[in-house]
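Overview (structure and organization)
Each chain, written out:
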Amino acid sequence: MTTLTFDSLNPATGEVVGSHPKHTPAAVHEAVGRAEEAAAWWAALPAAERRRRLLDYKAVLTQHIRELAALVHQETGKPVGDATLEIVLAVTHIDWAARNAQKVLGRRRVATGMIGLNLTATLEYLPLGVVAVIGPWNYPVFTPMGSIAYALAAGNAVVFKPSELTPGIGVRLAELFEESVPEHKVFQTVTGLGETGAALAADPRVKKVAFTGSTATAKRVMAACSENLTPIVAECGGKDAFIVDADADLPAAADACLWGALSNAGQTCVGVERVYVVDAVYESFMRELSDRVTKVKAGEDYGPITMPGQVDIIKRHIDDAVKAGRTVTGGAASVRAPYVDPVIVEDVPEDSPAVREETFGPTITVRRTRDAREALELANASAYGLGGTIFSRNARRATELARLMRSGMTAINSVISFAGVPALPFGGVGDSGFGRIHGADGLREFARPKAISRQRFAIPGMNLTSFTRGPAELERLLRLVTFLHGRRKR
């Protein structure tokens, strides 16, 4: 029987990078079956043995960084240096997940309280079984590995469906895993288009789905998962805000703003798209920003728009912004597919699509605000809530603003720095999704809590969970509860 295939293309040149099978629902079914067998074996291994094998996998990936970065460059168009940084960050997350899984998830005793004085209680987190990871194309190693590594460290088997734009790197990640874990298919990749991902999400043997992509696609994945009550962790992009306070280091802020907005051609879920600058430093900041942006070149400092269909969205947002606001840099002519030159527009109305919708391109809207509080209000007036940035020399005020920002993560005096800290959870609120990857929360996301209580001895005259219980026992309970909890706090 002939297997249907599809090609992955270099978005900068249109050249074929590789051909991959369109895995059918039947092929996905078989892969999940293999994963189910592998999951039982992997979960039964001692935690120290899983740790050793994951650390070995980390070493294998590190030894292949140049090869992997070249493949990411070919499939996404991003510069090799940016691809290298992405893989390095992924390696650090594998290391953290492997080294911390047992400490976070392992069995531990918990306090039972006075009412449970005669009990001992333990809590542990057990593997789910088979985890499906549906990955994006913009960071085809770092983003899915934030789910894959943590799911594997928690004792699960993984079936990974990479984006149809970046299948080659997804296949290679699983191939290299087999060097460290050759016995069973603990980590597999299936390739294909939407039908393949839908079949994976709908398989009842999948115990959790980790999805990264658009909000609209997340809703379709959730609908498929609802048939089997399969839980999902969803990271659905954002419209992140960047606030510049009156006492900010303006050169540093402008430099970080441009990197956050333009790196990877703006195709970053936690990239900078909206900038709010306090009036007192607005003109000075804009001079810094305007001077620096002239030195950033599409095709040199960042690559092409990876997904062809995104170009139309970017163009629509630029046209809307230019019509409603004042152009600082770029404009309609900046779109020269597959590249888009930097675009900065001031005073774009807050109800504009360029401000409300995710652009996912190298564009920035900038607005002057009375103070940092107004900037925060505008930043929070969004359906999205993934990441954000505060620049201020006042650590206390910056921290307060960061805490009040409606987002899953906020960086202070840096941009996207939270993604490089493996111990920090990553995820959003609102239209940016729910659930967390990375950190202890990311490990627990791919495990189920198991609580056990055991009676160590009976308390005479206090058998409360029995039909032999009498009024005297209830009275003793009431006296105890009143003593422990009946005093009001003034």
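These lines cover the structure that appears in this document, whether it is placed above or below. (Residues numbered from 1 in each chain as written. Predicted model: local features only at pLDDT ≥ 70, side-chain atom pairs only at ≥ 80, totals over all residues. Heavy atoms only, no water.)

**Remarks on the sheet that holds strand β3 (residues 108–110)**
Formally: Two strands form a pair only when DSSP identifies at least two bridges running between them. Helix and strand assignments come from DSSP, with helices taken as H or I runs of at least 4 residues and strands as E runs of at least 2, each series counted from the N terminus. Between the N-to-C directions of two axes lies an angle of 0 to 180 degrees, each axis being a line fitted to C-alpha atoms and, for a helix, fitted only over the stretch in contact.
The antiparallel open sheet is built from 3 strands, whose spatial order is β3-β4-β20. The open sheet is flanked by β3 and β20 (447–455), the only strands paired with a single partner. Sheet twist, expressed as the average angle between the axes of neighbouring strands with direction ignored, equals 30°. Taken together, the 3 bridges between β3 and strand β4 (residues 119–127) define a ladder with antiparallel strand orientation. Of the residues in β4, the one forming a bridge with Arg-108 is Leu-123.

**With respect to the pattern of salt bridges**
When their charged atoms lie close together, side chains carrying opposite charge are able to pair. Condition: For this analysis, a salt bridge means a side-chain nitrogen from Lys or Arg found within 4 Å of a carboxyl oxygen belonging to Asp or Glu. Residue exposure (1.4 Å probe, protein chains only): buried if accessible area is under 20% of the type maximum, exposed if over 50%, otherwise partly exposed.
All chains considered together, the criterion is met by 28 salt bridges. Note that Arg-292 and Glu-288 form a salt bridge whose closest N and O atoms lie 3.3 Å from each other. Note that Arg-292 and Glu-288 are positioned in helix α10 (residues 282–293) at a spacing of 4 residues, about one turn of the helix. Residue Arg-292 is classed as partly exposed on the basis of its relative accessible area of 27%. A residue is classified by how much of its surface remains accessible, and Glu-288, at 24% relative accessible area, is partly exposed. Across the salt bridge formed by Arg-316 and Glu-357, the nearest N and O atoms sit 3.0 Å from each other. Pair noted here: Arg-316 is in helix α11 (residues 310–324) and Glu-357 is in the loop between α12 (353–356) and β16 (363–369), with a separation of 41 residues, a long-range link. Residues joined by salt bridges that share partners form a network here, namely Glu-49, Arg-52, Arg-53 and Glu-183.

**With respect to the sheet that holds strand β11 (residues 272–278)**
Rules: Contacts are residue-level and defined by heavy atoms, with any inter-residue pair within 4.5 Å sufficient.
Taken in spatial order, the 7 strands make up an open sheet running β12-β15-β16-β11-β10-β17-β18, and their pairing is mixed. Bordering the open sheet on either side are β12 (326–329) and β18 (411–412), each of which pairs with just one other strand. Sheet analysis places β12 next to strand β15 (residues 343–346), joined by 3 bridges and oriented antiparallel. In the sheet register, Thr-327 faces β15, and the bridge partner there is Val-345. Relative to β16, α10 is tilted by about 165°, and along the sheet it contacts β10 (240–244), β11, β12, β15 and β16. Its contacts with the sheet put helix α13 (residues 372–380) on β10, β11 and β16, and the angle it makes with β11 is roughly 155°.

**Observations concerning the side chain of Thr-212**
With respect to the element layout, Thr-212 can be found in strand β8 (residues 206–212). Using a relative accessible area of 15% as the deciding quantity, one classes Thr-212 as buried.

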